[in-house]
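Summary of the model geometry
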Amino acid sequence: MDWKRTREPDDAWHMTDDLHVEHGKGDPFAAAIRATRMSMIITDPRRPDNPIVFANEAFLRLTGYERHEVLGKNCRFLQGPKTDKSAVEHIRTAIADNADVSVDILNYRKDGSTFWNALYISPVSNHKGEVQFFFASQLDVSDRKLSEHRMTADKDRFERAVKERTAELEAALEAQTTLLHEVDHRVKNNLQMISSLIIMQRRTIKDEATRHSLTTMLERIEALSTVHRRLYQSKDVSRFDVSDFAKDLVTDLLTASGRSGIEPKLELDPIVISAEKATPVALMVNELVTNALKHAFKEGPDGTTAGRIGIKMSQPDGHFKIEVSDDGVGMAEANGDASFGMRLIKSLARQLHADIEWHDAGPGTKVVISMPNEQQQKRTLS
Amino acid sequence: MTEPLKVLIVEDEALLAMELESLVEEAGHSVVGWATSSAEARSMVESTDADIAFVDIHLTDGPTGVDVAHYIGEKKRSMVVFMTANPKRIPDHFAGAIGVIAKPYTMNGLTSALRYLQEGMRRPPPVSTRPAGFTLSPAFEAVWAPAA
């Protein structure tokens, strides 16, 4: 490199109007452009079809062409079938407007291989403001594009995976809901069938004591049925409103013919318990109420029974309290079936960790059941 | 004495239909037919003169009970009460039905429902208490049990 000692004309750095001539050899700027690793070309818009008038070594290396193959040609030979038409249009518009343009475009080498070209073009004007040349630099950004594509592909893949997983979970939830409905439907239908079988059987029986047993059995099963009907009526199948159940139960037992003389007195706070407690609580309430109805009230001289039955449900300090009272004949009248009912009540109470007290209410009986109840959301949230 | 009801039973479970028939007759009403599918139900609607049809949603040909209710509603000869273990499948407008008796119903619940319906159909509005497990459609709620 002895350019310092080479003498050149003063205007050599202009690179002259005719760049075919190898001028400016001693000029440091021209030498830098010729030798830089950055691919560069210059085109002349004043000639037809804006041909390349200068191309550096780096351009030739990048594109694989010989200098004589590119000089005098418009740059569009770098485009190929997969080149984005809108990027080409973008460049064309900028050149028509004599404006700068920076664009990533897919270009083709002489051997047909492709590379991503971060192309930058800017117009070069003379002192009168007339555009003399376009100066263009090309940077091979295939690696960057590749990683961009990879990232986009990864993102697409992840999004697709998330979508698929979500769809799977939704389908699983849907299947589970369908299954729950199906099971619920079957349980209800089966309970209905059990009741129907008992009623049909009872019709065929003449013996009063046996009929009575079947009736008691039917009432217990119907109490379970009422729990199921109530449980799946609500949106939340894990909660059970005992007061609604008690209303249904009492209405049902009292609307049975011949019970119109007994007046119910209901004092029911809305109390919610967990679903697994629903069945034992319901069975217990059923025993107490049916017991009171059967044994506490005596038929009057006119053949009807009159009296009062009271159910109170409250929840003082985290304890769920049920009181069932009547103004009938009192506890002394309990018979054999009632003692089974009593055993049932005591066992259910043990299961629920409940305390039971029988009070002689004179007249009548009052039973008080008290059990811990952690389910207080209905009170605190509403 | 109020005139008893003529009942059409549309129910795919033989056992339930049988028992329902007994309960209806014990309550002093009569059963004019039992259909297990929507097609059978349609032809029975034509051949009988039921006052009321108890229609299950699930029949032998699928969940076609609502269609049956629509069909009966168009004929305008009898009223419909759904009887189903799956009340959530009933459309909001109840397909013109009076209401729904949710399964499992109790024996007393059904007897009360029959009395309530008899009152409602013969001398509306009904005077007895609405039985547990019986829900009126919005249209009938407005007429039979208007909010005080």
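A quick note: this is a predicted structure, and the numbers were derived from the prediction, not measured.

**Notes on the overall build of chain B**
Looking only at helices and strands, chain B has five helices and six strands in total. The N-to-C order of helical and strand elements in chain B reads β-α-β-α-β-α-β-β-α-β-α. Sorting the 148 residues of chain B into buried and exposed places 49% on the buried side. Of the contacts made within chain B by residues no fewer than 6 positions apart, 56% connect residues no fewer than 24 positions apart.

**Notes on the overall build of chain A**
A count of helices and strands for chain A gives ten helices and twelve strands. Across the 382 residues that make up chain A, the buried fraction comes to 26%. For chain A, contacts bridging at least 24 residues in sequence account for 55% of all contacts bridging at least 6.

**What about the interface of chain A and chain B?**
How big an interface is tends to be stated in terms of accessible area lost as the parts join. Listed per partner, the contact involves 24 residues of chain A and 19 residues of chain B. Elements that contribute at least two residues to the side of chain A that touches chain B include exactly helix H5 (142-203), helix H6 (208-231) and helix H7 (242-254) of chain A. If you tally residues by element for the side of chain A that touches chain B, the top one is H5 of chain A, at twelve residues. For the side of chain A that touches chain B, the class distribution of residues is seven nonpolar, eleven polar and six charged.

**A few points about the sheet that holds strand S2 (residues 52-55) of chain A**
All names here are of chain A. An order of S2-S1-S5-S4-S3 is seen for the five strands of this open sheet, with the pairing classed as antiparallel. Since the sheet does not close on itself, it has two edges, and those belong to S2 and strand S3 (101-108), each with one partner. Strand-to-strand twist in this sheet, taken as the mean axis angle between neighbours without regard to direction, amounts to 30 degrees. Both strand S1 (residues 39-43) and strand S5 (residues 131-140) contribute to a ladder of five bridges, which runs antiparallel. From the neighbouring strand, Ser 39 faces S5, where its bridge partner is Gln 138.

**Considerations on the sheet that holds strand S10 (residues 319-326) of chain A**
All names here are of chain A. The strand order across the open sheet formed by five strands is S7-S9-S10-S12-S11, and the pairing between neighbours is mixed. Edge positions in the open sheet fall to strand S7 (262-268) and strand S11 (355-360), since each of these has one partner strand only. On average, each strand axis in the sheet is inclined to that of its neighbour by 10 degrees, with strand direction left out of account. In this sheet, strand S9 (residues 307-314) lies alongside S7 in parallel orientation, the contact comprising seven bridges. Residue pairing in the sheet places Leu 268 in a bridge with Met 313 of S9. In the packing of H7 onto the sheet, the strands contacted are S7 and S9, and the crossing angle to S7 comes to about 175 degrees.

**Quick word on the nonpolar core**
Residue and element names in this part refer to chain B. Residues Val 10, Val 80, Val 81 and Phe 82 are the most contacted members of the largest nonpolar core, which totals 48 residues. The greatest single-element share of this core, amounting to six residues, is contributed by helix H4 (residues 107-122). Every residue in contact with Val 80, bar those within four places of it in the chain, is listed here: Ala 53, Val 55, Ala 69, Ile 72, Gly 73, Gly 96, Ala 97 and Ile 98.

**Examining the packing of helix H2 (residues 38-47) of chain B against helix H3 (residues 65-75) of chain B**
Residue and element names in this part refer to chain B. Interaxial distance between H2 and H3 falls to 10 Å at its minimum, and their mutual angle equals 15 degrees. Considered as vectors, H2 and H3 are oriented roughly parallel to each other. Considering how the two elements wind past one another, H2 and H3 form a crossing that is right-handed. Residues Ser 38, Ala 41, Arg 42 and Val 45 of H2 form the contact with H3, whose own contacting residues are Asp 67, Val 68, Tyr 71, Ile 72 and Lys 75. Classifying every residue of the contact of H2 with H3 by side-chain character gives five nonpolar, one polar and three charged.

**Here's the deal with unusual backbone geometry**
In most cases, non-glycine residues show a negative phi, while peptide bonds are predominantly trans. Each neighbour pair has its own omega, and for Lys 103 of chain B with Pro 104 of chain B the value is 0 degrees, a cis peptide bond. Along the chain, the position of Pro 104 of chain B falls in the loop between strand S5 (99-102) and H4. Backbone geometry places Asn 50 of chain A, a non-glycine residue, at a positive phi of 45 degrees. Examined against the element boundaries, Asn 50 of chain A turns out to sit in the loop between S1 and S2.

**What about the environment of Thr 60 of chain B?**
Residues and elements named next belong to chain B. Turning to its location among the elements, Thr 60 is positioned in the loop between strand S3 (52-55) and H3. On the neighbour-count criterion, Thr 60 (14 C-beta atoms within 10 Å) is partly exposed. When sequence neighbours within four positions are dropped, the list of residues in contact with Thr 60 reads Asp 12, Thr 36 and Ser 37.

**Examining the pairing of S5 of chain B**
All names here are of chain B. Here S5 shows no split at all, with Gly 99 and Ile 101 on one side and Val 100 and Ala 102 on the other all buried. With four bridges joining them, strand S4 (residues 79-84) and S5 adopt parallel strand pairing. Bridge pairing links Phe 82 to Val 100 in S5. Examined bridge by bridge, S5 and strand S6 (residues 134-136) share three bridges and lie antiparallel to one another. By the bridge assignment, Ile 101 is partnered in S6 with Phe 134.

**With respect to the confidence of the model for chain B**
Here chain B averages 88 in pLDDT, while 98% of its residues score no lower than 70. Taken over the whole predicted complex, pTM reads 0.67, whereas the ipTM for its chain interfaces reads 0.86.

What counts, and at which threshold
Every chain begins its residue count from 1, and numbering advances along the sequence as written. Chains carry letters and ligands carry numbers; both start at the beginning, A for chains and 1 for ligands, and go up in the order they are written. In keeping with the model being predicted, local features are shown solely for residues with a pLDDT of at least 70 and side-chain atom pairs are shown and tallied solely at 80 or more, while totals for entire chains, interfaces and linings include all residues. Starting at the N terminus, helices and strands are each numbered in turn, a helix being any DSSP run of H or I of at least four residues and a strand any DSSP run of E of at least two. Each residue is classified by how many other C-beta atoms fall within 10 Å of its C-beta atom, where C-beta atoms are placed from the backbone; a count of 20 or more means buried, 12 or fewer means exposed, and values in between mean partly exposed. Contacts are defined on C-beta atoms placed from the backbone: any two residues whose C-beta positions lie within 7 Å are in contact. Under the convention adopted here, Pro, Cys and the residues Ala, Val, Leu, Ile, Met, Phe, Trp and Tyr are nonpolar, Asp, Glu, Lys and Arg are charged, and Gly plus all remaining residues are polar. For two strands to be treated as a pair, DSSP must find at least two bridges joining them. Only the stretch in contact is used when a helix axis is fitted, and all axes are lines through C-alpha atoms; the angle between N-to-C directions ranges over 0 to 180 degrees. One nonpolar core equals one set of buried Ala, Val, Leu, Ile, Met, Phe, Trp, Tyr and Cys residues connected by C-beta atoms within 7 Å. Just so you know how the angles are binned, under 35 degrees is roughly parallel, over 145 roughly antiparallel, 65 to 115 roughly perpendicular, and the rest oblique. Note on convention: near helix rotated counterclockwise from far helix by under a right angle means a left-handed crossing. Clockwise means right-handed. How sure the predictor is of each residue is captured by pLDDT, a score from 0 to 100.

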